[in-house]
Amino acid sequence: MGNKITHLDKGNESGRGLKRELKTKQLTMIAMGCAIGTGLFLGSGLAISTAGPGVILSYAIGAFIVLLLMGCLSEMTVAHPTSGSFGTISEKYVSPLAGFLVRYSYWIANVLAVGVEVSAIAVYMKYWFPDVPGFVWILLFAGVLIYVNATSVNTFATFEYWFSTIKISAIVGFILLGSYVLFGNSAQPNMGPENIVNDGGFLPFGWWGMWVAIFISLFSFLGTEMIAITAGEAKDPDVAVPKALKATVFRLSTFYIITIGIMLMIVPWKSAGVEESPFVKVMELLNIPGASGIMNFIILTAALSAMNSQLYASTRMMFSLSQGNDAPAFLSKLSKKGVPLKALGVSTLGIFLAAAVNALLPGSSYAFMMGISMFGAIFTWFMVFVSHLFFRGKWEKSNGRKLPVRMIGFPYLTIVGAVLLLSLMITTWFTDFKIMLQFGIPWLLFLMAAYFFFKKGSNTQKSGNDTNDILNENIN
């Protein structure tokens, strides 16, 4: 095809687009940092109160789903290391509409999550400065992290690396401390493995409670897909991306399962809930001085880290939307340091939206924003599995060779992952998480209406030509 450039080629060209500066260890820490957040530090309490000790099995199954997801992402991302990642792949291998839905759903998920996190930061800071208005902290921390994201991808990665290091160190310290308390010289008779089967057994709420808790556990893994987004700015993505994905899943799975297991052996599971972090409960029970202050700092760091990563993800997804002609062209313009500043500016809208929603709906603003945010992320995961089913055969047919990285058990394990995720999404309709579908389904209908109204006529011919390009050209 000579020098003709397709949409995916544009995303792959480091000279024309984003800078390739991220290393494997940075990719791993970015994904782990984005995943280790309030989902573990606070959400684990909700998971435990939903499933009891069976939550260990819930997290194990959740980790299995994420492992399948990472296998699919590894294969597709190495073939197409673009900033649009799964959005670009859905567009080319499923349909332009699918790519449109995935990109905008993932973008809005992160935009809203940024607003939620920055609002939470204001609450955390009141612990130390109760008389300072919350909007001061919102503006201060938002300004700092916007600056970090606007400087360069390497600056962003450095900050995220150290944010993640603090959180991971805290978890490792918790595991060591808990192990010493349980099995060391200071072990107490009311603590130990027997707590896992006391008070109703391992599954006090039956298999239903364990199943619902799987969905809750997935919130603790959200963010691992960040590696696919950063692949467009990674050094040697063929090597870095698969290594980072595998390392992230195995480390997170180990951290979560061991941490929750220790937690259950120290604190009776009936004490878990969402009013207070289980980590705080453990340290208070162990009479650790300044436990609440320590945990407040860790949770603050978790919120800053999540906000930092979400700003990055939403910016790169909007950049991809602009490159694909699904958003105004000016949003794909880069600064001299290779940062899409205008896309970053649009992606900060969640900060202001959070303040507005909180003023209008003070009693339900958090649930409202988080409901849409969660749907966008879970829908994106589901579409990764769907895209992979279309991707494998078309890529190998058009390139005449096997993929450098291949997901094992195709197509059976891909189908298993998709069915499990879809089943969990349907399950939410019968639980307290019903809000996710109540807002998510109208959101998809709105996007489809917008697509067919504004895009169908102008893009029919273009989409057909792009599809032929992707199937006939050798894109690496």
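Note that the structure is predicted; figures quoted are calculated from it, not measured. (Residues numbered from 1 in each chain as written. Predicted model: local features only at pLDDT ≥ 70, side-chain atom pairs only at ≥ 80, totals over all residues. Heavy atoms only, no water.)

Asks: Honestly, the overall build of the protein chain in this entry has me stumped. Any pointers?
Replies: Counting its regular elements, the protein chain contains 20 helices and 0 strands. In the protein chain, buried positions account for 59% of the 476 residues. Sequence-distant contacts, at least 24 apart, represent 82% of the contacts inside the protein chain between residues at least 6 apart. Accessible area for the protein chain stands at about 18,900 Å²; split by element, carbon and sulfur atoms hold 66% of it. (Helix = DSSP H or I, 4+ residues; strand = E, 2+ residues; numbered from the N terminus. Buried < 20%, exposed > 50% of the residue type's maximum accessible area, 1.4 Å probe, protein only. Contact = heavy atoms within 4.5 Å. Areas by Shrake-Rupley, 256 points an atom, 1.4 Å probe, with all protein chains shown as cover.)

Asks: How do you make sense of the packing of aromatic side chains when you look at a structure like this?
Replies: Centre distance and the angle of the planes are the two values used to describe a pair of aromatic rings. With the rule as written, the count across this model stands at 13 aromatic pairs. Centroid distance Tyr-104 to Trp-107: 6.3 Å. Interplanar angle 85°. Geometry classified as edge-to-face. Highlighted residues: Tyr-104 and Trp-107, both in helix α7 (residues 96-125), separated by 3 residues, approximately one helical turn. No difference in accessibility class separates Tyr-104 from Trp-107, as the two residues are buried. Between Trp-443 and Phe-446 the ring centres are 6.0 Å apart and the planes differ by 35°, which places this aromatic pair in the tilted class. Pair noted here: Trp-443 and Phe-446 are both in helix α19 (residues 435-454), with a separation of 3 residues, about one helical turn. The class for Trp-443 is buried, based on a relative accessible area of 17%. Classification of Phe-446 by relative accessible area gives exposed; the value is 53%. Connected via pairs of aromatic rings, a cluster forms that spans Phe-100, Tyr-104, Trp-107, Tyr-451 and Phe-452. Here the basic side chain of Arg-392 rests over the ring of Phe-410, its NZ or CZ set 4.4 Å away from the ring centre. Taking NZ or CZ as reference, Lys-434 lies 4.4 Å from the ring centre of Trp-429, over its face. (Phe/Tyr/Trp six-rings, centres within 6.5 Å; stacked < 30°, edge-to-face > 60°. Lys NZ or Arg CZ within 6 Å of the ring centre and 35° of its normal.)

Asks: Got a minute to help me understand the confidence of the model for the protein chain in this structure?
Replies: If pLDDT is low for a region, its predicted coordinates should not be looked at in detail. Averaged over all residues, the pLDDT of the protein chain is 76; the fraction at 70 or higher stands at 77%. Residue range residues 1-16 is modelled with pLDDT below 50. Its contacts to residues more than four positions away, or to other chains, number 39 contacts. Contacts of residues 460-476 to residues separated by more than four positions or lying in other chains number 36 contacts, the stretch itself having pLDDT below 50. (pLDDT = per-residue confidence, 0-100.)

Asks: It is not clear to me how unusual backbone geometry should be interpreted in this structure. Could you clarify?
Replies: Trans peptide bonds make up most of the peptide bonds, and negative phi angles are found at most residues other than glycine. Cis geometry is adopted by the peptide bond preceding Pro-411, which originates at Phe-410 and carries an omega value of 0°. Among the secondary structure elements, Pro-411 is positioned in the loop between α17 (365-399) and α18 (412-427).

Asks: Is there a simple way to think about the packing of helix α10 (residues 206-221) against α18 in this case?
Replies: Each pair of packed helices can be described by the angle between their axes along with the distance between the axes. Contact geometry of α10 with α18 gives a least axis separation of 10 Å together with a crossing angle of 105°. Comparing the axis directions of α10 and α18 gives the class roughly perpendicular. Residues Trp-208, Trp-211, Val-212, Ile-214, Phe-215 and Leu-218 of α10 lie in contact with α18, whose contacting residues are Leu-420, Leu-421, Ser-423, Leu-424 and Thr-427. Looking at the contact of α10 with α18 residue by residue, the class counts come to 9 nonpolar, 2 polar and no charged. (Axes fitted to C-alpha atoms, helices over the stretch in contact; angles between N-to-C directions. Parallel < 35°, antiparallel > 145°, perpendicular 65-115°, else oblique. Nonpolar A, V, L, I, M, F, W, Y, C, P; charged D, E, K, R; others polar.)

Asks: What am I meant to see in helix α14 (residues 291-323) here?
Replies: Given a rise of 1.5 Å per residue, 33 residues ought to cover 48 Å, and the 48 Å separating the end C-alpha atoms of α14 matches this to within 8%. For α14, the buried fraction is high: 30 of the 33 residues fall into the buried class. (Expected span 1.5 Å × (residues − 1).)

Asks: Help me understand the nonpolar core in this model?
Replies: Nonpolar side chains in soluble globular proteins generally cluster together in the buried interior. Counting 129 residues, the largest nonpolar core has Tyr-104 and Met-307 as its most contacted members. In terms of residue count, the dominant contributor to this core is α7 (18 residues). (Core = buried A, V, L, I, M, F, W, Y, C linked by side-chain atoms within 4.5 Å.)

Asks: Explanation requested: helix α5 (residues 55-79) in the structure shown.
Replies: Residues that lie three or four places apart on an α-helix share one face, since the helix turns once every 3.6 residues. With 25 residues, α5 should reach 36 Å at 1.5 Å per residue; the first-to-last C-alpha distance of 36 Å fits that figure. Among the 25 residues in α5, 19 count as buried, and that is most of the element.

Asks: What is the right way to read the pattern of salt bridges from this model?
Replies: Once the charged atoms of two side chains with opposite charge are near each other, the side chains can pair. On inspection of all chains with the given rule, the structure shows 4 salt bridges. A salt bridge links Glu-75 to Arg-392, with the nearest nitrogen and oxygen atoms 2.7 Å apart. Of this pair, Glu-75 sits in helix α5 while Arg-392 sits in helix α17, placing them 317 residues apart in sequence. You'll find Glu-75 and Arg-392 in the same group, each marked buried. It is possible to trace a salt-bridge network through shared partners that takes in Glu-91, Lys-92, Arg-103 and Asp-326. (Salt bridge = Lys/Arg side-chain N within 4 Å of Asp/Glu carboxyl O.)

Asks: Help me out: how do you make sense of the side chain of Ser-322 in this one?
Replies: Considering the arrangement of structural elements, one finds Ser-322 in helix α14. A distance of 3.2 Å separates the side chain of Ser-322 from the backbone oxygen of Ala-329, its partner in a polar contact. (Polar contact = N/O pair within 3.5 Å; in protein donor to acceptor, adjacent residues only side chain to side chain.)

Asks: Sorry, what's going on with a nonpolar patch on the surface here?
Replies: On the surface, Tyr-127, Trp-128, Phe-129, Ile-166 and Phe-297 cluster together into a nonpolar patch covering about 480 Å² of accessible area. Given the relative accessible area of 44%, Tyr-127 is considered partly exposed. (Patch = residues over 30% accessible without salt bridge, like charges linked within 9 Å, V, L, I, M, F, W, Y side chains within 5 Å.)

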